[in-house]
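Examination of the molecular architecture
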Amino acid sequence: MSEPVMRLLVLLACLLPTHAIYFVLEEGQTRCFLEEVPKDTLILGKYKGEDGDAATPYGNTKASRLTNLGLQVKVTDPDNNIALERGLQPEGRFAFTSQVSGEYKICFSTNSTRWFGTKQKVNFHLDIQYGVDATDYKDLADQEKLTEMEVAIRRLNDKIRDMRAEQTYQRTREATFRNTSESTNSRVMWWSVIQTLILVGTALWQISHLKHYFKTKKLV
């Protein structure tokens with residue numbers, strides 16, 4: 001296989017859809033999103049805030065207004081432990097590595113509120129990447145003095161590792177779901193058996209009670 005064809009295959013193998021989100025964050029409000037990732041996965045969030053009172057991107061004055069809002073990001077893992085919590089500039093990035101598999105809750109908020117007047121709004125552009133997409137291979141190549149081909153191989157290896165981690169995570173989820181379904185089916189079956197026994201016991205008691213009643217009344 002020729003080198004150009006190999007590079008093309010590596011590039012196609014590494015292409016992943018990005019999670020681009022646009023939302024409006026009002027002063028004093030909290031907006032949260034869920035991201036489901038396997039264990040030991042790098043999650044990178046790139047964001048840009050714009051003054052919601054203007055249609056054009058913010059300048060220095062508007063950036064100062066956004067800074068005064070006290071933008072914050074808080075990430076909690078599936079066990080509700082804090083994975084990341086820090087303040088944000090009007091534009092930048094944040095990153096963290098998942099310690100456990102599952103759904104991570106990413107919340108954005110402001111620490112300022114107004115009692116009177118119109119609350120300020122922030123137009124947020126958020127791009128969430130994970131795994132291979134979140135790794136800066138250009139910086140990695142500069143640090144380790146890697147060639148273009150070596151970077152492509154490293155990217156492909158990381159992609160394969162991410163795919164294996166995803167498969168392992170999905171198998172774990174499938175096993176958990178199967179166990180839950182089997183447990184639910186077992187409970188339903190035993191509940192049906194108990195109901196049947198109760199009905200049979202009630203019927204036998206009624207028959208016994210009626211026999212005793214008729215004998216007492218000397219009707220039989």
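These remarks concern the structure in this document. This is a predicted model, so every value here is computed, not measured. (Residues numbered from 1 in each chain as written. Predicted model: local features only at pLDDT ≥ 70, side-chain atom pairs only at ≥ 80, totals over all residues. Heavy atoms only, no water.)

The phi torsion at D40 lies on the positive side, around 60 degrees, for a residue other than glycine. As for its placement among the helices and strands, D40 is situated in the loop between strand 2 (30-37) and strand 3 (42-51). The class for D40 is exposed, based on a relative accessible area of 54%. Positioned with a positive phi, N80 is a non-glycine residue whose angle comes to about 70 degrees. Following the sequence through the fold, N80 ends up in the loop between strand 4 (71-76) and strand 5 (82-87). On the basis of relative accessible area, N80 is assigned to the exposed category, the value being 62%. (Helix = DSSP H or I, 4+ residues; strand = E, 2+ residues; numbered from the N terminus. Buried < 20%, exposed > 50% of the residue type's maximum accessible area, 1.4 Å probe, protein only.)

On to the packing of aromatic side chains. Applying the stated criterion across every chain, the model contains eight aromatic pairs. Seen in terms of ring centroids, F23 and F108 are 5.8 Å apart; in terms of plane orientation they differ by 45 degrees. Their pairing is tilted. With F23 in strand 1 (residues 19-26) and F108 in strand 7 (residues 102-110), this residue pair connects regions lying 85 residues apart in the sequence. Note on accessibility: F23 and F108 belong to one class, buried. When the ring of F96 is compared with that of Y104, the centres are 5.8 Å apart and the planes differ by 40 degrees; the resulting orientation is tilted. (Phe/Tyr/Trp six-rings, centres within 6.5 Å; stacked < 30°, edge-to-face > 60°.)

Right, let's get into the state of the cysteines. The final tally for this structure, using the stated rule, is one disulfide. Here C32 engages in a disulfide with C107; their sulfurs sit 2.0 Å apart. Residues C32 and C107 are joined by a disulfide whose S-S torsion is about 110 degrees; by sign, that bridge is right-handed. Here C107 lies in strand 7 and C32 lies in strand 2, a separation of 75 residues in the sequence. When its relative accessible area of 33% is taken as the criterion, C32 is described as partly exposed. (Disulfide = S-S within 2.5 Å.)

Read these as spatial facts, not as claims about activity.
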